[in-house]
Amino acid sequence: MQRSRFRSTFSLFLLVLCSVSLLSSFRPAADSDDILGVWLTGSKKGHVQIYKQGTKYYGKIVWLKEPNEPATGAPKLDKNNPAAGKKKQPLIGLVNLSDFTYAGNNVWEDGKIYDPENGKEYSCKMTLQNPNKLDVRGYVGISLIGRTDTWVRVR
């Protein structure tokens, strides 16, 4: 009788332990469109709206903390762009994220990020940490050589 009771109790314990373990390791899979929305950059200088075009994801600057040049009051332009024809392009509305594809597991990759502060473009990968936190990693060559910026969802 005691042996049977011990087995039942032990079996129940194992069942509960396995259930808790499975539930605690469960992370809901992201929908590929979970990244869509407006994000505050890590520097808190701007908002980037991520949108979908076809099967690819893009982002454009939709707000700047300082949208105008202090000296002239004119809108800030992409003055650091190496392409002469783009130097007079306003920063607001500028597409600075391009060609991302959803790889699964909350990761968007094979994209590019443009930094208007230095006029350079980098390979980029984005990882959605939770519905309101996005890690944006710009890199040269391989992902190990780069920098991660954490963005926070605005809406």
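Whatever comes next refers back to the structure up there.
Our subject in this report is the structure included herewith.

What counts and what doesn't
- Residues numbered from 1 in each chain as written.
- Predicted model: local features only at pLDDT ≥ 70, side-chain atom pairs only at ≥ 80, totals over all residues.
- Heavy atoms only, no water.
- Salt bridge = Lys/Arg side-chain N within 4 Å of Asp/Glu carboxyl O.
- Helix = DSSP H or I, 4+ residues; strand = E, 2+ residues; numbered from the N terminus.
- Buried < 20%, exposed > 50% of the residue type's maximum accessible area, 1.4 Å probe, protein only.
- Core = buried A, V, L, I, M, F, W, Y, C linked by side-chain atoms within 4.5 Å.
- Contact = heavy atoms within 4.5 Å.
- Phe/Tyr/Trp six-rings, centres within 6.5 Å; stacked < 30°, edge-to-face > 60°.
- Lys NZ or Arg CZ within 6 Å of the ring centre and 35° of its normal.
- Polar contact = N/O pair within 3.5 Å; in protein donor to acceptor, adjacent residues only side chain to side chain.

### Here's the deal with the pattern of salt bridges
- As enumerated under the stated definition, the model contains four salt bridges in all.
- Two residues, D33 and K52, come together in a salt bridge whose shortest N-O distance is 3.3 Å. You can see D33 sitting in the loop between α1 (2-25) and β1 (37-40) and its partner K52 sitting in strand β2 (residues 46-53), a full 19 residues away along the chain.
- Note on D33: relative accessible area 31%, which makes it partly exposed.
- A salt bridge links K45 to E117, with the shortest nitrogen-to-oxygen separation between them at 3.3 Å. Placement of the pair is K45 in the loop between β1 and β2 and E117 in the loop between β5 (107-115) and β6 (120-130), with a sequence separation of 72 residues.
- According to the relative accessible area criterion, K45 is partly exposed, its value standing at 44%.
- Looking at E117, the relative accessible area reads 56%, which means it is exposed.

### Re the nonpolar core
- Counting residues in each nonpolar core, the largest one holds 20 residues, and the members touching the most others are L97, M126, L134 and W151.
- Not counting residues up to four positions away in its chain, the partners in contact with L134 are I35, W39, I50, M126, T127, L128, D149, T150 and W151.

### Here we look at the packing of aromatic side chains
- Counted according to the given criterion, the structure contains three aromatic pairs.
- Ring centres 5.9 Å apart and planes at 25° place the aromatic pair Y51 and Y58 in the stacked group.
- One aromatic cluster is present, built from ring pairs that chain together Y57, Y102 and W108.
- Lying over the aromatic face of Y51, K60 brings its terminal NZ or CZ to 5.7 Å of the ring centre.

### What about the environment of Y102?
- Within the element layout of this structure, Y102 appears in strand β4 (residues 95-104).
- For Y102, a relative accessible area of 26% gives the class partly exposed.
- Between the C-alpha atoms of Y102 and D31, which are 71 residues apart in sequence, the distance is 9.1 Å.
- Only 3.4 Å separates the side chain of Y102 from the backbone nitrogen of N106, close enough to count as a polar contact.

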